[in-house]
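If you want the building blocks of each chain, they are given just below.
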Amino acid sequence: MEVSLTGPLRSAAGDAASIEIQARSIRELLRELVEQYPEMDRYLDQGIAVSINGTIYRDDGDVQIPSDAEVVLLPRIQGG
């Protein structure tokens, strides 16, 4: 599946706007993401939200990702 990256996540993937990852769930997606792009680990520690077809998930690793889904990774915005 094609996964779109936003903001600082692009720099961790060599400035790519999107990447190809094979995953059936959010948990698999994040695991594969770090395996292919080790610099992503620091963003995972800070928190990443995953948008699947416009619905944003946080800390929902078991959510299944349809094969034809639009997937976007978003860094969490720190509030204050």
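This is a predicted model, so every value here is computed, not measured.

Trainee: Sorry, what's going on with the pairing of strand β3 (residues 48-52) here?
Mentor: One face of the sheet, then the other: side chains in a regular strand alternate in exactly this way. Buried residues dominate β3, accounting for five of its five residues. Across the two faces of β3 the burial is the same, with Ile48, Val50 and Ile52 and Ala49 and Ser51 all buried. In this sheet, strand β5 (residues 71-75) lies alongside β3 in antiparallel orientation, the contact comprising five bridges. By the bridge assignment, Ile52 is partnered in β5 with Val71. Of the strand pairs in this sheet, β3 and strand β4 (residues 55-57) are connected by three bridges, and their pairing is antiparallel. Directly across from Ile52, in β4, lies its bridge partner Thr55. Taking the residues between adjacent antiparallel strands as the criterion, β3 and β4 are bridged by two residues, where Asn53 takes a positive phi near 50 degrees.

Trainee: What is the right way to read the side chain of Ser25 from this model?
Mentor: Inspection of the secondary structure puts Ser25 in the loop between β2 (18-20) and α2 (26-36). At 3.2 Å, the side chain of Ser25 and the backbone nitrogen of Glu28 are in polar contact. Excluding residues that lie within four positions of it along the chain, Ser25 makes contacts with Gly61, Asp62, Val63, Gln64 and Ile65.

Trainee: Looking at this structure, I do not really get the sheet that holds β4. What am I missing?
Mentor: Strands in a sheet are paired, the pairing made by backbone hydrogen bonds, and the direction either parallel or antiparallel. The strand order across the open sheet built from five strands is β2-β1-β5-β3-β4, with neighbouring strands paired in mixed fashion. Because the sheet does not close on itself, it has two edges, and the strands there are β2 and β4. Within the sheet, the average angular offset between the axes of one strand and its neighbour, ignoring direction, is 30 degrees. As defined by bridge partners, strand β1 (residues 2-5) adjoins β5 across three bridges and the pair is classed as parallel. Residue Ser4 lies in a different strand from β5, and its bridge partner there is Val72.

Rules and cut-offs
In this numbering scheme, every chain counts its residues from 1 along its sequence in written order. A pLDDT threshold of at least 70 governs which residues receive local features in this predicted model, and a stricter bar of 80 or more applies before side-chain atom pairs are shown or counted, although totals over entire chains, interfaces and linings include all residues. Heavy atoms from the whole structure form the basis of all side-chain values; hydrogens and water molecules are not counted. Burial classification: accessible surface area is computed with a 1.4 Å probe over protein chains only, and a residue below 20% of its type maximum counts as buried, one above 50% as exposed, and the rest as partly exposed. Working definition: helices are DSSP H or I runs of at least four residues, strands are E runs of at least two. Numbering for both runs from the N terminus. The pairing criterion is simple: DSSP has to find at least two bridges between the two strands. Whenever two N or O atoms come within 3.5 Å, that pair is a polar contact, provided that in protein one can donate a hydrogen and the other can accept it, and provided that, for residues adjacent in sequence, both atoms are side-chain atoms. Throughout, a residue-residue contact means that at least one pair of heavy atoms, one from each residue, lies within 4.5 Å. Between the N-to-C directions of two axes lies an angle of 0 to 180 degrees, each axis being a line fitted to C-alpha atoms and, for a helix, fitted only over the stretch in contact.

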